[in-house]
Amino acid sequence: MTDLLARHRAVLPSWMPLYYDEPIELVSGSGRRVTDAQGRSYLDFFGGVLTNMVGYDIPEIREAVQRQLATGIVHSSTLYLIRQQVELAEKVARVSGIPDARVFFTNSGTEANEAALLVATNYRRSHQILAVRNSYHGRSYAAMGVTGNRSWSASALNPLQVAWLHSGERVRGLLARLGPDEQVDAAVEDLREVLATQTAGDVACLIAEPIQGVGGFVHPPDGLFAAWKKVLDESGILFVSDEVQTGWGRTGEHFWGYQAHGVTPDLLTFAKGIGNGFALAGVVGRADVLESVPAISFSTFGGNPISTAAGNAVLDYLLDHDLQANAARVGAILADGLRSAVGGLDCVAEVRGKGLMLGVEFVRPGTTEPDPAMTVRVFEACRAGGLLAGKGGLYGNVLRMGPPLTLTEEEAREGLAILVDAIRSSAEAGA
Ligand code: PLP
């Protein structure tokens, strides 16, 4: 055990997980590659849980932050005007697709969801919330309350009144047996039934991820959110799209995950990639909803000049280089390559995802029984081969790939070869 690992274990809580049998310390990065303290280089196919969206050490972002640092002000207070905050809010409002939107910046996705729930419950004068099974929305008391994955829940206590909807389960569960159209119909029926049997109709909002990130990159059939929204609109229930993982063009086909559904959310939460490593998140939404909070409220650090300088540079870079198109193109190489090389193995239930948000779900050969041990073998083999990936899913049996959106075709092919080797050798080792 390294000295740093021993010190980590001695002082940080044991429920904070560390990846890998031998956890690594990253000491430098450039482009899509990172180097650990032992000098080993890795192609980063996870971007630190989709946190690094445009690559490591990007000059435009480094220089934007350095310019702010050179002023001598890291941050003073959000009670003063902050140019970068206003500029970023204008851009986020413009790209959000929500007419006449307002933006409130926070420091994490958890806080963004917390803010959205606070606003929605206040606007609707109701504490009842609809959430989706297998979801993940953060680690605060309320965000955990709408998280539909008990392995992530720190407590069995739930401070909120939550009623749970079926997700777009694809391998097991009730809806997985249905085709996409039938799945939409069944999910709408489920929503109506939940509203009628578990609520008095006075629900504040539905919060949902267009693709469930921690849940294993599970996505419902396109169009489901629009079908749900029709029902929600009958009672004025708000729809919150948690785009913490799916935003900014990652899915390739759209800028936001919600756009696959032909619907506009009332509130949208974002985080992770927009700071490219700097702590930046927020909620963007309908002016009448966001403006409905009666109390004065601000965040000490949310929207600070360093984070928002980074955010402006990241968003400009993303749009100038049309990284959404790159995510679609390079993601297709990866998805097609994985499907043809390992999609037919009897331990692979599914290769799924969109753009550069791809997952491989592992099961015991010929069954739908989750195989987390196989996932760990693949995960460790990828690392040994020089590639960082992620794990996830309700049962920990999904390998997740969410590389920076600047991933090149060459890097995609290099990573694909490592992945295919790791999956094949791990399948043989488990046979
Ligand atoms: N929402 C989703 C969909 C997430 O994936 C996450 C984090 O993984 C969060 C919210 C919480 O974000 P944070 O960890 O920045 O608090």
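Per chain, residues are indexed from 1 in the order of the written sequence. Only residues with pLDDT of at least 70 are given local features in this predicted model, and only at 80 or more are side-chain atom pairs given and counted; all residues enter the totals for whole chains, interfaces and linings.

Looking now at the overall build of the chain. The secondary structure listing takes helices from DSSP runs of H or I that are at least 4 residues long and strands from runs of E that are at least 2 residues long, numbered from the N terminus. For the chain, the helix and strand inventory stands at 13 helices and 15 strands. C-alpha atoms define the radius of gyration in this analysis, and the globule rule sets the expected value at 2.2 Å times the number of residues to the power 0.38. Compactness check: the chain gives a C-alpha radius of gyration of 21 Å against a globular reference of 22 Å for 431 residues, within 12% of the reference. Principal axes of the C-alpha set define a box for the chain whose edges measure 60 × 55 × 45 Å. Residues are called buried when their C-beta atom has 20 or more other C-beta atoms within 10 Å, exposed when it has 12 or fewer, and partly exposed otherwise; all C-beta atoms are positioned from the backbone. Scored against the burial criterion, the 431 residues of the chain give a buried share of 52%.

The next subject is the site of the ligand. Nearness here is judged by the C-beta atom: place it from the backbone, and if it falls within 6 Å of a molecule or strand, the residue counts as near that partner. Close to the ligand lie 16 residues, the nearest being S108, G109, T110, G138 and V244. The dominant element in the shell around the ligand, judged by the number of residues it contributes, is helix α5 (residues 109-124), at three residues. Among the residues making up the shell around the ligand, the classes are represented as six nonpolar, eight polar and two charged. Three classes are used, and their members are as follows: Ala, Val, Leu, Ile, Met, Phe, Trp, Tyr, Cys and Pro are nonpolar, Asp, Glu, Lys and Arg are charged, and the others, Gly among them, are polar.

It is worth spelling out the nonpolar core at this point. Counting 116 residues, the largest nonpolar core has A120, C205, L206, L238 and V314 as the members making the most contacts within it. When residues in this core are grouped by element, the largest group, eight residues, is from helix α10 (residues 305-320). What C205 contacts, discounting residues up to four positions off in sequence, is A120, I129, I237, L238, F239 and V240. For this analysis, nonpolar core means a set of buried Ala, Val, Leu, Ile, Met, Phe, Trp, Tyr and Cys residues linked through C-beta atoms within 7 Å. Residue pairs qualify as contacts under a 7 Å threshold applied to their C-beta atoms, which are placed from the backbone.

Let us now look at unusual backbone geometry. With a phi angle near 55 degrees, D57 is a residue other than glycine that sits in the positive phi range. For D57, the position within the fold is in the loop between α2 (47-50) and α3 (59-70). One non-glycine residue, N134, lies in positive phi territory at about 75 degrees. Residue class for N134 comes out buried when judged on the 21 C-beta atoms lying within 10 Å of it.

Moving on to the sheet that holds strand β8 (residues 238-242). Where strands meet in a sheet, backbone hydrogen bonds hold them as pairs that are either parallel or antiparallel. Pairing within the open sheet is mixed, and its seven strands lie in the order β4-β10-β9-β8-β7-β5-β6. This sheet does not close on itself; its edge strands, each paired only once, are β4 (101-106) and β6 (161-165). Going from strand to strand, the sheet's axes swing by 20 degrees on average, the running direction of each strand aside. Where β4 lies against strand β10 (residues 281-286), six bridges are found, and the strand directions are antiparallel. Following the sheet pairing, A101 is matched in β10 by R286. Interaxial angles span 0 to 180 degrees and are taken between N-to-C directions of axes, which are lines fitted to C-alpha atoms, for helices over the stretch in contact. In the packing of helix α7 (residues 180-198) onto the sheet, the strands contacted are β5 (128-132), β6 and β7 (203-208), and the crossing angle to β6 comes to about 155 degrees. For two strands to pair, DSSP has to find at least two bridges joining them.

Here the chain averages 95 in pLDDT, while 99% of its residues score no lower than 70. As a predicted assembly, this complex carries a pTM of 0.97 together with an ipTM value of 0.99. The pLDDT value expresses, per residue, how confident the predictor is, ranging between 0 and 100.

What follows concerns the sheet that holds strand β2 (residues 33-36). Strand order in the open sheet made by the four strands is β1-β2-β3-β13, with mixed pairing throughout. Whereas interior strands pair on both sides, the edge strands pair on one side only; in this sheet they are β1 (26-30) and β13 (387-388). Bridging between β2 and strand β3 (residues 41-44) involves three bridges; their strand directions are antiparallel. Bridging from a neighbouring strand, V34 pairs with Y42 of β3.

Moving on, we come to α10. Taking 1.5 Å of rise per residue, the 16 residues of α10 would be expected to cover 22 Å, and the 22 Å separating its terminal C-alpha atoms lies within 8% of that figure. Of all 16 residues in α10, 13 are buried; the element is thus mostly enclosed. Two residues or fewer past α10, D322 is found with a positive phi of approximately 45 degrees. Expected helix span is taken as 1.5 Å per residue step, with the number of steps being one fewer than the number of residues.

Here we take up the packing of helix α12 (residues 372-384) against helix α13 (residues 409-430). It is the contact of α12 with α13, at a shortest axis distance of 8 Å, that shows an interaxial angle of 135 degrees. The orientation of α12 with respect to α13, classified from their angle, is oblique. Crossing handedness for the pair α12 and α13: right-handed. Residues M374, R377, V378, A381 and C382 of α12 pack against I418, L419, A422, I423, S425, S426, A429 and G430 of α13. Classifying every residue of the contact of α12 with α13 gives nine nonpolar, three polar and one charged. Each angle receives one of four descriptions, namely roughly parallel if under 35 degrees, roughly antiparallel if over 145, roughly perpendicular if within 65 to 115, and oblique otherwise. Handedness of a crossing follows from how the near helix is turned relative to the far one, being left-handed for an anticlockwise turn of less than a right angle and right-handed for a clockwise one.

Here we take up the environment of A112. Residue placement: A112 occurs in helix α5. Taking C-alpha positions, A112 is 4.8 Å from G282, a pair spaced 170 residues apart along the chain. With residues near it in sequence (within four places) discarded, A112 still touches T106, T269, F270, A271, A281, G282 and V283.

Here the focus is the packing of α3 against α10. Two elements in contact, α3 and α10, have axes whose closest approach is 9 Å; the angle formed by their N-to-C orientations is 150 degrees. In this view, α3 runs roughly antiparallel relative to α10, as classed from their interaxial angle. For the crossing formed where α3 meets α10, the hand is right-handed. Counting all contacts with α3, which are made through E60, I61, A64, V65 and Q68, the residues of α10 involved are P305, I306, A309, A310, N312, A313, V314 and Y317. When grouped by side-chain class, the residues that make up the contact of α3 with α10 number 10 nonpolar, two polar and one charged.

A separate point is α12. An ideal rise of 1.5 Å per residue puts 18 Å on 13 residues; α12 measures up with 18 Å between its terminal C-alpha atoms. Of the residues making up α12, those classed as buried are M374, T375, V378, F379, C382 and R383. On its buried side, α12 packs onto β12 (357-362), β13, β14 (390-392), β15 (398-401) and α13. Looking one or two places after α12, you find G386, whose phi comes out positive at around 95 degrees.

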